[in-house]
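Descriptive analysis of the structure
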Amino acid sequence: VTLNEVSQQRREDALYELAWSIDLADIPSALSVLSKRPEPQIRYSLTRRLLMRWAQADAGAVLAYAQALPPSAMRTSALEAALGEWAQSDWASAAEWVKQLPPGRQKNQHLHTLVGTLAAQDPHRAMGFVEALGSTATKRELQSTLFRRWAERDPAAAAAAATTLPLKDEWI
């Protein structure tokens, strides 16, 4: 363990403690102040922790907050935090919200969040969801996300399920 690793761990621990010391009602204000701070690494790390904490308590409030932000990294982080927490508590509603989004990069990113979250809980259901998407440009990438998360939990079952997928000529 190097001195740099020790100081980095101490910084991460301090940011974690700071994020948990801020009252939930004050998180939106804290995020506003934090967005003006010049230290990008600390700003990103603390923002991520605050968003995750807030989303665990009230994913709907974080979703509303995120949708009011202009397109930015902060907006994307907030949406992902809210969606990840929402998907853990009410996956079907989160999936319906993502399905109604217009096609594009943001929808694809949210689909990956959904599939990854569901794969950690119920990989067979996640596989059914991906298959039900039909032929989409991101289906293969979503399958990769699914099997990567599934393999973290149960490598043998993930490998067995992967062998049941039809082999496409363009995949070879």
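Structure: see above.
Residues numbered from 1 in each chain as written. Predicted model: local features only at pLDDT ≥ 70, side-chain atom pairs only at ≥ 80, totals over all residues. Heavy atoms only, no water.

Describing the side chain of Glu80
- Note on placement: Glu80 falls in helix H4 (residues 73-89).
- Summary of buried charges: Glu80 has no salt-bridge partner, and the nearest side chain of opposite charge, Arg105, is 9.6 Å away. (Helix = DSSP H or I, 4+ residues; strand = E, 2+ residues; numbered from the N terminus. Buried < 20%, exposed > 50% of the residue type's maximum accessible area, 1.4 Å probe, protein only. Lys, Arg positive; Asp, Glu negative; His and termini not counted. Salt bridge = Lys/Arg side-chain N within 4 Å of Asp/Glu carboxyl O.)

Digging into the environment of Ile22
- In this structure, Ile22 sits in the loop between helix H1 (3-21) and helix H2 (27-34).
- Classification of Ile22 by relative accessible area gives buried; the value is 17%.
- Spatially, the C-alpha atoms of Ile22 and Ala68 are 22 Å apart, while their sequence positions differ by 46 residues.
- Once residues lying within four places of it in the same chain are set aside, the contact partners of Ile22 are Ile27, Ala30, Leu50 and Arg53. (Contact = heavy atoms within 4.5 Å.)

Some words on the nonpolar core
- Of all hydrophobic cores here, the largest spans 48 residues; its most connected members are Leu50 and Leu51.
- Setting aside chain neighbours within four positions, we find Leu50 in contact with Ala19, Ile22, Ile27, Ala30, Leu31 and Leu34. (Core = buried A, V, L, I, M, F, W, Y, C linked by side-chain atoms within 4.5 Å.)

Describing the packing of aromatic side chains
- On inspection of all chains with the given rule, the structure shows five aromatic pairs.
- Between Tyr16 and Trp20, the ring centres sit 6.2 Å apart and the planes meet at 50°, which makes this aromatic pair tilted. In this pair, Tyr16 and Trp20 both sit in helix H1, four residues apart, roughly one turn of the helix.
- When its relative accessible area of 46% is taken as the criterion, Tyr16 is described as partly exposed.
- Overall, the relative accessible area of 44% leaves Trp20 in the partly exposed class. (Phe/Tyr/Trp six-rings, centres within 6.5 Å; stacked < 30°, edge-to-face > 60°.)

A few points about the side chain of Lys107
- In this structure, Lys107 sits in helix H6 (residues 105-121).
- One buried charged residue, Lys107, remains without a salt bridge, the closest side chain of opposite sign being Glu96 at 9.8 Å.
- The contacts of Lys107, once residues within four sequence positions are left out, are Val98, Lys99, Leu101 and Pro102.

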